[in-house]
Amino acid sequence: MQRVLTFLAVIACIGISRFASGQAAPGYYDETYRPQYHFSAETSWINDPNGLVHYQGEYHLFYQYHPLGIAWGPMHWGHAVSPDMVQWTHLPIALYPDALGDIWSGSAVVDENNTSGFFTHTGGSGLVALFTHANAPQHPQQQSVAYSTDRGRTWTKYPGNPVIPNPGVADFRDPKVFWHAPTARWVMVVAGGQLRIYSSPNLTNWTLESIAPTIDTECPDLFELAVDGGATKKWVLSKSGREYLVGRFDGRTFTPEGGPYPVDYGPDFYAAQSWSHMPDGRRVWIGWMRGDAGSKQTVFMGRMSLPRELTLRTFPEGVRMVQAPIAELQGHRAAGTARGTTILRSGTRTVSGLGGDSFEIRAEFQANASTASEFGLRVRMGNGQYTTVGYRRTAARLFVDKDHGGGGYTGVHEAPLVPDGNGRIVMHLYVDRSSLEVFGNDGKVTLTELSYPDRDSVGLELYSVGGDATLNALQFFRMKKVWGPSPFITGLS
Ligand code: FRU
């Protein structure tokens, strides 16, 4: 026992000295597959983003966390804060399992007017988290509340939990809550199976408003977006971050008008959630990049996608959601370079002298002036490995082919994409050490992919087959590592 205590004391000292000096330990966030500018926990398993809320100048990210292993297990809420949704500081675990069960997914809101009464003696406002208490069979899935009077640093579970007991169904989880101004009430969408919508004046007394028998989902999200930035607004219901419906919402019932449409054409974007109380009215979400479990990682498992700004736009085929990388990412660019118009000759491969393992590249092709049957980029090349991001012109498909990507994680995924009104196809890629996010035509389609190339597979090339391709412009930026040196606090301290 004494030896164990000494060991723990040494570990604690290492933690404190690193924190006190403000320096990250050498090798910190430097494993072969460690994301350099995406969120991942220092150690252990994470899945869904939870409790996304902006409050008093900070963006909060809570997340499904199993601190004791690299596989899914008893869930906690891990916690991090950021000034810009890109550069994160880890904070201690926010919510631990208790007698009602483990802490599954949910959301957080700012109770600005103290509707809950939780903040009467502490300044009149604060953060409220709504989450699922679960762990079958002894703990049925039911909805509970916790609140924080100190900007999310510590949490008190509401003594009256659960606030919504299980209604006699197996799946009843993942509450997403927001303030619905027209009816002046809080609204909760909650599912796990059929979508249920509740309302509340105070975040603790909830009334069932509707059940949608045909909408089956985990991690629902429901929000209103302007169409083409104008006065017309429509509601978007996200199903697990995999599909979305566009429709109407009257405070009680969601009525679909279009969809389901795919959110993302890659396999690794899941359980997306949007931030509450954004200071500037943007709607931004982040998804769990699942699919890590087959990788050879041993320290951490799971990471988040880049934050994406959501808008609704009208296309010839109808109103669709567009996802664009948030503008804040530009602040994390390192050295950049741009190239002007280049003709990629048929069958040639242009080695551009660029490359790396964490970078952004935007390639704009004049598709209607190109004769090539296929053109695009290959990234993370080396040791016989490469991942192709290309466009098949006659089929009108943007695709990612990672059959040779490395690490035994293969797959070819494609998205339908016709050239824009000016005949262009734009491939905007964010490459990190083990992931690739492709935004086609400024986010009309996206493909999110994990991949596991060797550490030194860092080559990049442009290619064209079956004819020439016109590249109007190319922009390339290395991305800065966002992990340290900075005052990190380990989630396990
Ligand atoms: C989605 C999900 C949620 C659940 C959580 C548990 O990935 O299954 O429905 O709340 O994960 O970790």
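Throughout this description, residue numbers start from 1 for each chain and increase along the sequence as written. Only residues with pLDDT of 70 or above have their local features reported here, since the model is predicted, and side-chain atom pairs are shown and tallied only from 80 upward, although totals for entire chains, interfaces and linings are computed over all residues.

Some thoughts on the overall build of the chain
Per the secondary structure count, the chain includes one helix and 35 strands. Note on method: radius of gyration uses C-alpha positions; expected globular size equals 2.2 Å times residues raised to 0.38. Relative to the globule expectation of 23 Å for 493 residues, the C-alpha radius of gyration of the chain, 23 Å, shows essentially globular dimensions. For the chain, the spread of C-alpha atoms along the three principal axes comes to 70 × 60 × 40 Å. The buried share among the 493 residues of the chain stands at 46%. Intrachain contacts of the chain at a sequence separation of at least 6 include 60% that bridge at least 24 residues. Where helices and strands are cited, they refer to DSSP runs of H or I of at least four residues and of E of at least two residues respectively, numbered from the N terminus. Counting other C-beta atoms within 10 Å of a residue's C-beta gives its exposure: the residue is buried at 20 or more, exposed at 12 or fewer, and partly exposed in between, where C-beta atoms are placed from the backbone. Residues are defined as contacting one another if the C-beta atoms placed from their backbone atoms lie within 7 Å.

Quick notes on the domain arrangement of the chain
Interfaces are often described in size by the accessible area the parts lose on coming together. Each domain span listed reflects an automatic or database assignment of domains. Assigned domains of the chain: these are domain 1 (42-325) and domain 2 (335-479). Between the C-alpha centres of domain 1 and domain 2 the distance comes to 33 Å. Across the contact, 17 residues belong to domain 1 and 21 residues belong to domain 2. Among the elements that take part in the side of domain 1 that touches domain 2, strand β22 (residues 318-325) stands out by supplying four residues, more than any other.

Here's the deal with the nonpolar core
Val128, Ala129, Met188 and Leu429 are the most contacted members of the largest nonpolar core, which has 124 residues in total. Composition of this core by domain shows at least three residues from each of domain 1 (42-325) and domain 2 (335-479). Ignoring anything within four residues of it in the chain, the contact list for Val128 reads Ala108, Val109, Asp111, Ser116, Phe118, Val145, Tyr147 and Leu203. Core membership is restricted to buried Ala, Val, Leu, Ile, Met, Phe, Trp, Tyr and Cys residues, and these are joined into a nonpolar core through C-beta atoms within 7 Å.

A closer look at the site of the ligand
Surrounding the ligand, one finds 13 residues, the nearest of these being Gln64, Trp104, Ser105, Glu218 and Ala271. Mapped onto the shell around the ligand, the elements with two or more residues apiece are β1 (44-55), β5 (102-110) and β9 (173-180). In the shell around the ligand, the residues fall into four nonpolar, five polar and four charged. By definition, a residue lies near a molecule or strand provided its backbone-derived C-beta atom is within 6 Å of it. Residues were grouped as follows: Ala, Val, Leu, Ile, Met, Phe, Trp, Tyr, Cys and Pro as nonpolar; Asp, Glu, Lys and Arg as charged; and all remaining residues, including Gly, as polar.

Examining the pairing of strand β10 (residues 185-191)
Buried residues dominate β10, accounting for six of its seven residues. Note that β9 and β10 share six bridges and pair antiparallel. Looking across to β10, one finds that Trp179 is bridged to Trp186. Strand direction decides the pairing type here: β10 and strand β11 (residues 194-200), joined by five bridges, are antiparallel. Directly across from Trp186, in β11, lies its bridge partner Ser200. Note: two strands are recorded as paired if DSSP finds a minimum of 2 bridges between them.

A word on the sheet that holds strand β30 (residues 412-416)
Across a sheet, paired strands are connected by hydrogen bonds in the backbone, their directions being either parallel or antiparallel. Read across the open sheet, the six strands follow the order β25-β34-β27-β28-β29-β30; overall the sheet is antiparallel. Of all strands in the sheet, those with a lone pairing partner are β25 (349-355) and β30, marking the two edges. The sheet shows a mean angle of 15° between the axes of neighbouring strands, direction not considered. The sheet contact formed by strand β29 (residues 397-401) and β30 spans five bridges and is antiparallel. Each residue of the ladder has a partner; that of Phe399, found in β30, is Glu414. A fitted line through C-alpha atoms represents every axis, and for helices the fit uses only the stretch in contact; the resulting angles, taken between N-to-C directions, go from 0 to 180 degrees.

Observations regarding the UniProt feature "domain: Glycosyl hydrolase family 32 N-terminal" (unreviewed entry) in the chain
Per the UniProt record, the feature "domain: Glycosyl hydrolase family 32 N-terminal" (unreviewed entry) sits at residues 38-325. The span residues 38-325 is 0% helix and 55% strand, and its two end C-alpha atoms sit 12 Å from each other. UniProt positions are given in the numbering used here, feature names are shortened, and annotations may be inferred rather than shown by experiment.

Description of the sheet that holds strand β16 (residues 254-262)
Strands sit in the order β13-β14-β15-β16 across an open sheet of four strands; the sheet is antiparallel. With partners counted over all chains shown, the strands left at the sheet margins are β13 (221-226) and β16, one partner each. Going from strand to strand, the sheet's axes swing by 30° on average, the running direction of each strand aside. By the bridge criterion, six bridges tie strand β15 (residues 243-249) to β16 in an arrangement that is antiparallel. Within the sheet, the bridge partner assigned to Tyr244 lies in β16 and is Tyr261.

Considerations on the pairing of strand β4 (residues 89-95)
Sheet topology places strand β3 (residues 76-82) next to β4; four bridges connect them, and they run antiparallel. Across the sheet, Val81 pairs through a bridge with Thr89, a residue of β4. Hairpin connection, β3 to β4: the antiparallel pair is bridged by six residues, and Met85 has positive phi, about 70°.

Concerning the environment of Leu377
Structurally, Leu377 can be placed in strand β27 (residues 374-382). For the pair Leu377 and Ala363, spaced 14 residues apart in sequence, the C-alpha to C-alpha distance is 8.7 Å. When neighbours within four sequence positions are excluded, Leu377 is seen to be in contact with Ile361, Ala363, Val389, Met427, Leu460 and Leu462.

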